[in-house]
Each structure stands twice: as C-alpha cells, then as structure tokens.
Amino acid sequence: MEMDFERCYRAVDSRDQRFDGWFYTGVTSTGIYCRPSCPATTPKRQNVRFFPSAAAAQGAGLRACRRCRPDAAPGSPQWDVRADVVGRAMRLIADGVVDRDGVPGLAARLGYTERHLHRMLRAEMGAGPLALARAQRAQTARILIETTGLGMAEIAFAAGFGSVRQFNDTVREVYAIAPSELRAARGRHQAPVGAGTLTLRLAYRAPLHARALLDFLSVRALPGVEEVRDGTYHRGLRLPHGAGQVALTPADGHVAATLRLADLRDLAPAVARCRRLLDLDADPVAIDATLAADPALAPAVAAEPGIRVPRAVDGFELAVRAIIGQQVSVTSARTTLTRLLAARDRLDHGIGGPDGDRTAGQPRDRHDGDQPGSLRGFPSAEEMLGVPDEGFGMPVGRRETVRALARAVADGQLDLASGGDREETVRRLLALPGIGPWTAGYLAMRAFGDPDVLLPTDLAVRRGAAALGLPDTAKTLDAYAERWRPWRSYATIRLWRAA
C-alpha cells in the first residue's frame, strides 16, 4: 500500500478496520502509535505520521498504544501476495529465522548480502531485519507476560532476547512500562492448563467464512495429526525447537488459539504458521470485490463472503498430500495417508522397518516427544525415507515420487517453506519425476501462498465451473479466469465449494 497521507488519514478518521496491519499511525503529540481503527479521538493532521511497520514506528521513538494494541493487528496482506525478496524476508522473520539464525542466516536463505537485504527492508518497511525481529520479540514477550506465570528471565529467553537486560529495555521502550507493571496492568493471572500452554487471540480482517475453512480441513483430516471437533480445529505441529499442539476456534473478530509447546521459543513460529494455515492476513474485501464483479460468481460471493484459502503449516506435508492425492478422490488419498502414518508409528515403536541398529520394540527418539494418543506433527522428510516399501500402500511410481521429494528436501535441494522462492521452487518441483503442473500449482496455492493460481485441469474445479454456468473445459476456463486476477486461488476454492 502506498503511504498516501490523505488516504491513510481518511482511514484513521473513519476508524476503518480493513486497514489494520496495512500501516500504523504515529501521533507525535502523545508519543504513541496505533492501528488505523483505534477508538481514541482522531489526532490532528499536524500531529500524525504514518509508518509501514510497527518496527518503523518504534524506531521513531513511539510506543505501542495500550488501548488498540497495534502490535497485535493482522499482518499486512501484501506479504501473501508478494513473492519478491522483501515479501519472502517478512515471512521468514515472522517464522523466527532471525531469532534462530541471525541476520546472516536470513540473508543466506534469501541469497543476498546482509547489507543489500538491510537496504531493501529499510526502503520498504522503514526498518532493518534486526528491528523487525525485535518488534516481533516484543510482541511475543507481551503475550508471555500477560498469559503465563513464567518468571521474567524465562520469558526473556523464550521470546528470543539475548539477555534479561535487553528484554527489560525493549519492553520499556515499546510499551513505556516495566514488564512487571505490564503483567499487573492485565489483572490477576489465570493459571495455564498445563506447562507450556498458552491461550491467545489471532486477529483477522472481517469477514471470515469459518465454516468453509473447517469443512475443507475436516474432510482431509489425518488421524493422529489433526481433527475437527465441536467447531475447533486441533492439530500437531513440528516446530524448530520441538513439538507443539494447537486448538483453533473461530470467534467474532478473532480466532482463539490454545497452544501447547514443548519449548516456548517456538511461540512466534507457531503463531505465524497458524495464521498462515487459516489465511488470516488476507484482505477479503478486496478479494471479494474482484470476484463479485463477475456475474457468475457474484451470488456465491454474496452468500458466502470471506472465503479463505486453507494453507499449510508444513510445506513438505502438503507436498506429500498433493502427490498422493493426484488423480484420486479426497477419501482415497486420506485412506492412503492414514496407512502411511500408521507405518511411521510402527517404526517409532520398533515394529519392523529398516533400522537394523534398533532392537524390536525399542521406541525411536521422537522429534516431538508427544505422549501416546496425542496429536503429532506430520513425518519429516528423513522419517519418510525410513518407511519401507510396504508402508506406502500405493503404486510404485507414486511411492518413488514421494521418496524423490523427501530426498530433495532432506538434502536441502528443495525449500518448501513459505519464505522460499516460489518460481524457483515450482521449477525444481516440476523437474522431479511424477510431479506435473497440477501438483506444482496446488503447492503454489496452498504451501507457498500464491493468491493467483487456477487449477483448470482439476475435475472438481471444472465441475464447480459447470455448476455455476462457466466454461468447463481446461482451456476455456483458463482463458475465462483472466478476469479473476490476482485472486484466482480464491476463485478456485469457490469452484471447489460449488462442486
């Protein structure tokens, strides 16, 4: 979004929630920065500055408003739309790469020098990678202060700070209050359900069609990994420092998230992945306006506003699902995947498998450390390579495609994370035997977050098109869909629902 003063000021004056996360309002007379929808009295024009990021506002010496909580606003939807270096960098920072690997690690992932990366982020975000990561650490610290009974030293290191002093200084600077006072200001702390359990709200831009999201996830849910129960989506997570489980319940204006983490350092990555899974940073008003301009889609958009693209918490998981789901029904793919997970579980308990140095019945060391019966993350690429032939339960060609994918990911030749280069990743996927345009496009839409993917050869897409009176051959539908750019991924979801 261009930082046009008049446009931004009109959004602030009307308290337009649609612009939350797009930009931040700095009020020089009070020294605070706010969301555009802040309910406080609209500041005078001469006292207002606009910033492209919370980090830029903090860099200007402003503190976060305690009334509208600007640091908890939905993320900017442009990081989903954009596939350039800045967009990739923002997704990686949100996933905690700077906290884990530092700026050198971020620059290496992106293929740029630290200096050039800093220059690009400063030009567009008003802050460099360290400042952007620092702003995220401050928000993580606030969540831990307000929702847990952890000591401040534990919170400091869990949030990614290098020292307690750095933590104290940052919280004071960002919130103009000491960490202990921030906790006291939120009232009496409610004891968590268990160790490492957190409850927080994930904001989104209205409208959100929650039932469509839960319907999509429910019919594809894999036993032992995920389930939808009583309007809540539960799943296991594989996170950088250990295991996690999450329960996501859509509510009015937010999604309630209950996270159980083996290591609290994984809070920021877990939140980023949950937001990405439910597509919470999308701009549904802009998307629906474009699609509703087509008379064939207008009734569906009016009946079901706020349809999102269900994405993924794990790119490798979605790639395996896509390969197994090629040319078979959703039910058949789910059955095959369930058998594959059962084979993984047998290996974990030493029942069969190729691990000759492990005695029968001796459990393998788990990455996630979950207790029996709990939800676990999807197998890693390395675990997939350990599954014997009989554990796949699929044609030989498809099994070898899954293994080729797993080898490429395990060897570092293929980056399926959200911050990867979309075009390069699609090119490398298509070079693997058994992966064609449908699979690559499906991954681009759901794993990489490309908002403008149509799957014209997909049978369900064509059936949905026919149901809506649209062209239903691959070639004619592809040509017709040009009018839906840049939101063809969202049109694809609507065609699936129409089918």
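The structure we're discussing is the one just above.
Residues numbered from 1 in each chain as written. Predicted model: local features only at pLDDT ≥ 70, side-chain atom pairs only at ≥ 80, totals over all residues. Heavy atoms only, no water.

**Here we look at the overall build of the chain**
Here is the rule: Only runs of H or I of at least four residues qualify as helices and only runs of E of at least two qualify as strands under DSSP, and these elements are numbered from the N terminus. Burial classification: accessible surface area is computed with a 1.4 Å probe over protein chains only, and a residue below 20% of its type maximum counts as buried, one above 50% as exposed, and the rest as partly exposed. Should any heavy atoms of two residues lie within 4.5 Å, those residues are considered in contact. Only the protein chains shown count as cover for residues, and the accessible areas themselves come from Shrake-Rupley with a 1.4 Å probe. Only four residue types enter the charge count, namely Lys and Arg as positive and Asp and Glu as negative; His and the chain termini do not. Taken as the charge location is NZ of Lys, CZ of Arg, CG of Asp or CD of Glu.
In terms of helices and strands, the chain carries 23 helices and nine strands. By principal-axis analysis of the C-alpha atoms, the chain measures approximately 70 × 60 × 45 Å. Going through the 499 residues of the chain one by one, you find that 54% of them count as buried. Across the chain, contacts joining residues at least 24 apart in sequence account for 66% of those joining residues at least 6 apart. Just so you have it, the chain exposes about 21200 Å², and 51% of that area is on carbon and sulfur atoms. Taking the 67 positively charged and 57 negatively charged side chains of the chain as two groups, their mean positions are separated by 3 Å.

**Quick word on the sheet that holds strand β6 (residues 226-229)**
Heads up, the condition is: Here, strands pair whenever DSSP counts at least two bridges between them. All axes are obtained by fitting lines to C-alpha atoms, using only the stretch in contact for helices, and the reported angles, taken between N-to-C directions, cover 0 to 180 degrees.
The five strands lie next to each other as β5-β9-β8-β7-β6, forming an open sheet whose pairing is antiparallel. Both outer strands of the open sheet, β5 (197-203) and β6, are each paired with one neighbouring strand and no more. For this sheet the average axis-to-axis angle between neighbouring strands, irrespective of direction, equals 25 degrees. As paired elements, strand β7 (residues 232-239) and strand β8 (residues 242-251) share seven bridges and run antiparallel to each other. Bridge pairing links G236 to Q245 in β8.

**A few points about the sheet that holds strand β2 (residues 32-34)**
With respect to topology, four strands assemble into an open sheet ordered β3-β1-β2-β4, the strand pairing being mixed. Bordering the open sheet on either side are β3 (48-51) and β4 (63-64), each of which pairs with just one other strand. Inspection of the sheet shows strand β1 (residues 24-27) paired to β2 by three bridges, in the antiparallel sense. Bridging across to β2, T25 finds its partner in C34. Strands in contact with helix α1 (residues 5-13) are β1 and β3; relative to β3, the strand with the most contacts, it is inclined by about 100 degrees.

**What about the state of the cysteines?**
Quick reminder of the rule: In plain terms, two cysteine sulfur atoms within 2.5 Å form what is called a disulfide here.
Counted according to the given criterion, the structure contains zero disulfides. Considering cysteine sulfurs only, C38 is the nearest to C34, which forms no disulfide, with 4.0 Å between them.

**Quick notes on the packing of aromatic side chains**
Heads up, the rule is: For this analysis, a ring pair means two rings from Phe, Tyr or Trp (six-membered ring only for Trp) whose centres lie within 6.5 Å, classed as stacked if their planes differ by under 30 degrees, edge-to-face if by over 60, and tilted for the remaining angles. Geometrically, a lysine NZ or arginine CZ counts as sitting over a ring once it is within 6 Å of the ring centre and also within 35 degrees of the ring normal.
If you walk through the whole model with that rule in mind, you get eleven aromatic pairs. Where W438 meets Y442, the ring centres are 5.0 Å apart and the plane angle is 15 degrees; that geometry is what we call stacked. Here W438 and its partner Y442 are both found in helix α20 (residues 437-446), four residues apart, which amounts to about one turn of the helix. A relative accessible area of 9% places Y442 in the buried class. Directly above the ring of F161 sits R137, whose terminal nitrogen or CZ lies 5.6 Å from the centroid. Taking the ring centre of Y480 as reference, the NZ or CZ of R483 above it sits at 3.6 Å.

**A word on helix α18 (residues 396-410)**
Definition in use: A helix's residues, less one, multiplied by 1.5 Å, set its expected span.
Its 15 residues give α18 an end-to-end C-alpha distance of 21 Å, which sits within 8% of 21 Å, the value for a rise of 1.5 Å per residue. Considered for burial, the residues of α18 that qualify are R398, R399, T401, V402, R403, A404, L405, A406 and A408. At its buried positions, α18 is contacted by α15 (315-324), α17 (381-385) and α19 (422-430). G412 lies just past α18 and shows a positive phi near 80 degrees.

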